[in-house]
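Results of the structural survey
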Amino acid sequence: MKTTPLLSIMALSLALAGCASIPPDTNVLPQQDLAQAGLAADIHLASEGWPAAQWWRQFQDPQLDQLISQALSASPGLDTADARIASAQAAFDLQHAEHDPRVDMNASVNRQRYSGNGLTPAPIGGSYYNEANLAVQAHYDLDWWGRHKAQIASALGEVNARRAEYAMAEQMLAANIARHYFSIQGNWARMDNLHALVDLQRALVADKEKRIAHGLGVSDDHLSAQTRLSLIEQQIALLETQSVTEREALRALLGANSAALAALQPHTALALPHQLPGKLGMELLARRPDLQAARWRVQASLDRIEAAQAAFYPDIDLGASFGLDSIHLSKLLEAGSRTLFVGPTLSLPLFDSGRLQAQLKGARSERNELIADYNQRVFDVVRDVAQAGARLQGVENQLRLQDDNLRASEAQLRNANARLRQGLSDRAMQINAQMTVRGQLDLGMQLQTQRQNAEINLVVALGGGYRGASDFSDAAASTLQSTK
């Protein structure tokens, strides 16, 4: 009896010594430090602030709000992302269930002839008997080395990655709807302005005809005015086609029927005050759902490495069985038919090092691949923010210059009106001045649409108000605790 503990210790030592050895991890790819991420000095950031989660509401357009709300609630574009979340959640539930105690019930009835020349002597040997068995079995894996826990954490990381991807899909859906909507609104505004320009051009054509009729003009001027009129009408036809194309793209995003956008009305969008972050880093980049998903996958790969390493060690499983067994069905429920088993089971990988090391090598290679992808995404995020900010700054500079040109053309129109009233100029000069103002208005509308697209791109680059967990280890641990 005194030697039993010593023998147990020796047996355990021999078992551990016989385990396959874990090769060292000598090729760990470093992960990009988010604190080092920053913008170039010429990308000017105005003030602190983040996009709101429902950033599109700052445009104060009820039609846009309704369209995006409708799409987020029932868009076919989100079905794929939602299905991927369900698949990842099912995999997580499976891993979690594998760690729980398992209780099974088995029942069987069979007729068997025992060999007359086997180990079982007569009268059983050489005879047929009915055997009935009813048993309840329980198993519990102690998870001594944390393999199941690591597998659960890895599955959880994939669930969170899928959720972040769903948030990214929502952001891109809202952004695309806003782009198509503002394109339609911009085309409508430009068409109204161009129709007014057509009226002015027709008046100019009529003026040229009158001058020719009185011998004061030449046919070339009239032909030039007619050509300009045709070009403006061609622009209107092109904008009408673009509006239909944008409408159908918007309708496809909504997954709606042909009458869904019939009530859409023109609306003048607001120019937004921009609130950009003063610096980049974890506080910003954690709001990028695509980068969040990449980080969760890196974390999941680290958990898979832990699970692969735990497979090198012995696995201890506690088992218990209680039931009834009898060769006579009529005696199955008697006390003498009871069976009972309780005890541990030790599984030891002695000659399996090749497979285990290959699995571990694959897990480590996957980790390096995901880290490399994550590192590249960090630089891509900084690039997206920088380019979006630079484009927005550029469009705003153009708008300021265009506004100066519009004021100058309006001043020329006032002078032309004054000269016409004083008899110092003709009607054609006033019409040309009016057309110049209309041309500047058209250019301003195009720049406003470009500005709206730049604003949307910047919102998406800044994460669109998405808020995810920045501390992945703490988040994973708390979620694991809540599921137990």
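Residues numbered from 1 in each chain as written. Predicted model: local features only at pLDDT ≥ 70, side-chain atom pairs only at ≥ 80, totals over all residues. Heavy atoms only, no water.

This paragraph deals with the overall build of the chain. Of the regular secondary structure elements, the chain holds ten helices and four strands. Along its sequence from the N terminus, the chain presents helices and strands in the succession α-α-α-β-β-α-α-α-α-β-β-α-α-α. For the chain, with 484 residues in total, the buried portion stands at 38%. Summarising the internal contacts of the chain: among those between residues at least 6 apart in sequence, 83% fall at separations of at least 24. (Helix = DSSP H or I, 4+ residues; strand = E, 2+ residues; numbered from the N terminus. Buried < 20%, exposed > 50% of the residue type's maximum accessible area, 1.4 Å probe, protein only. Contact = heavy atoms within 4.5 Å.)

With that settled, the discussion passes to the nonpolar core. By size, the foremost hydrophobic cluster in this structure holds 27 residues, and its most contacted members are Trp55, Leu64, Leu67, Ile177, Phe182, Leu250 and Leu254. Only helix H2 (62-74), helix H3 (79-99), helix H4 (147-213), helix H5 (219-254) and helix H9 (427-461) provide two or more residues apiece to this core. The dominant element in this core, judged by the number of residues it contributes, is H4, at nine residues. Excluding residues that lie within four positions of it along the chain, Trp55 makes contacts with Ala174, Ala175, Ala178, Ile456, Val459 and Gly464. Counting residues in each nonpolar core, the second largest holds 13 residues, with Leu194, Val198, Leu204 and Ile232 among its members. (Core = buried A, V, L, I, M, F, W, Y, C linked by side-chain atoms within 4.5 Å.)

This part covers the pattern of salt bridges. Evaluated as defined, the whole model comprises 18 salt bridges. We note a salt bridge from Glu248 to Arg251, for which the minimum N-O separation is 2.5 Å. Residue Glu248 and its partner Arg251 are both found in helix H5; the two are separated by three residues, about one turn of the helix. Taking the shortest distance from any N to any O, the salt bridge between Arg383 and Asp384 comes out at 2.9 Å. (Salt bridge = Lys/Arg side-chain N within 4 Å of Asp/Glu carboxyl O.)

Attention now moves to the packing of helix H7 (residues 289-310) against helix H8 (residues 353-421). One way to put it is that H7 packs onto H8 with a least axis distance of 9 Å and a crossing angle of 165°. It follows that H7 is roughly antiparallel to H8 by the angle criterion. Note on packing geometry: the crossing formed by H7 with H8 is left-handed. Between H7 and H8, the residues in contact are Asp290, Leu291, Ala294, Arg295, Arg297, Val298, Ser301, Leu302, Arg304, Ile305, Ala308 and Gln309 and Leu360, Ala363, Arg364, Glu366, Arg367, Leu370, Ile371, Asp373, Tyr374, Arg377, Val378 and Val381, respectively. Counted by class, the contact of H7 with H8 contains 13 nonpolar, two polar and nine charged residues. (Axes fitted to C-alpha atoms, helices over the stretch in contact; angles between N-to-C directions. Parallel < 35°, antiparallel > 145°, perpendicular 65-115°, else oblique. Left-handed = near helix turned anticlockwise from the far one by under 90°. Nonpolar A, V, L, I, M, F, W, Y, C, P; charged D, E, K, R; others polar.)

What follows is about the sheet that holds strand E2 (residues 128-141). One open sheet holds the four strands; their spatial order is E1-E2-E3-E4, and the pairing between them is antiparallel. Either end of the sheet is taken by a strand with one partner, and the two such strands are strand E1 (102-113) and strand E4 (338-347). Within this sheet the neighbouring strands show an average axis-to-axis angle of 20°, counted without direction. Pairing between E2 and strand E3 (residues 315-326): ten bridges, direction antiparallel. If you follow His139 over to E3, its bridge partner there is Gly319. (Pairing = 2+ DSSP bridges.)

Attention shifts here to the environment of Gln376. Tracing the chain through its elements places Gln376 in helix H8. Through-space distance from the C-alpha of Gln376 to that of Gln32 is 8.6 Å; in sequence the pair is 344 residues apart.

Turning next to the packing of aromatic side chains. Evaluation of the coordinates by the stated rule reveals three aromatic pairs. Ring geometry for Trp55 versus Trp56: centroids 5.6 Å apart, planes at 80°, classification edge-to-face. Classification of Trp56 by relative accessible area gives buried; the value is 5%. In this structure an aromatic cluster arises from ring pairing among Phe59, Tyr181 and Phe182. (Phe/Tyr/Trp six-rings, centres within 6.5 Å; stacked < 30°, edge-to-face > 60°.)

Take the packing of H4 against H9 next. Two numbers describe how H4 lies on H9: the axes approach to 10 Å, and their chain directions differ by 175°. Looking at the two axes, H4 sits roughly antiparallel to H9.

It is worth spelling out the environment of Ala411 at this point. One can find Ala411 in helix H8. Separated by 26 residues in the primary sequence, Ala411 and Val437 place their C-alpha atoms 9.5 Å from one another.

We now examine unusual backbone geometry. Most of the time, phi is negative for any residue but glycine, and the peptide bond is trans. A positive phi angle, near 55°, is found at Gln60, a position not held by glycine. Inspection of the secondary structure puts Gln60 in the loop between helix H1 (3-17) and H2.

Before going further, it helps to examine the pairing of E3. Within a regular strand, side chains alternate between the sheet's two faces. When E3 meets E4, the two strands line up antiparallel, connected through ten bridges. Each residue of the ladder has a partner; that of Phe322, found in E4, is Leu340.

So, about the confidence of the model for the chain. Mean pLDDT over the chain works out to 79, with 83% of the residues at or above the 70 mark. Note on residues 44-49: pLDDT is under 50 here. Beyond four places in sequence and across chains, it has 21 contacts. For the stretch residues 470-484, pLDDT sits under 50, and the model shows 18 contacts to residues farther than four places along the chain or on other chains. (pLDDT = per-residue confidence, 0-100.)

With that out of the way, let us pick up H2. Between its terminal C-alpha atoms H2 stretches 18 Å, which fits the 18 Å expected from 13 residues at 1.5 Å a residue. You can read the cap of H2 off the contacts: a side-chain oxygen lies 3.0 Å from the backbone nitrogen of Gln63, and it is on Asp61. (Expected span 1.5 Å × (residues − 1). Polar contact = N/O pair within 3.5 Å; in protein donor to acceptor, adjacent residues only side chain to side chain.)

As for its position among the elements, Gln430 is in helix H9. Classification of Gln430 by relative accessible area gives buried; the value is 11%. Beyond its immediate stretch of four places on either side in the chain, Gln430 contacts Leu413, Ala416, Asn417 and Leu420.

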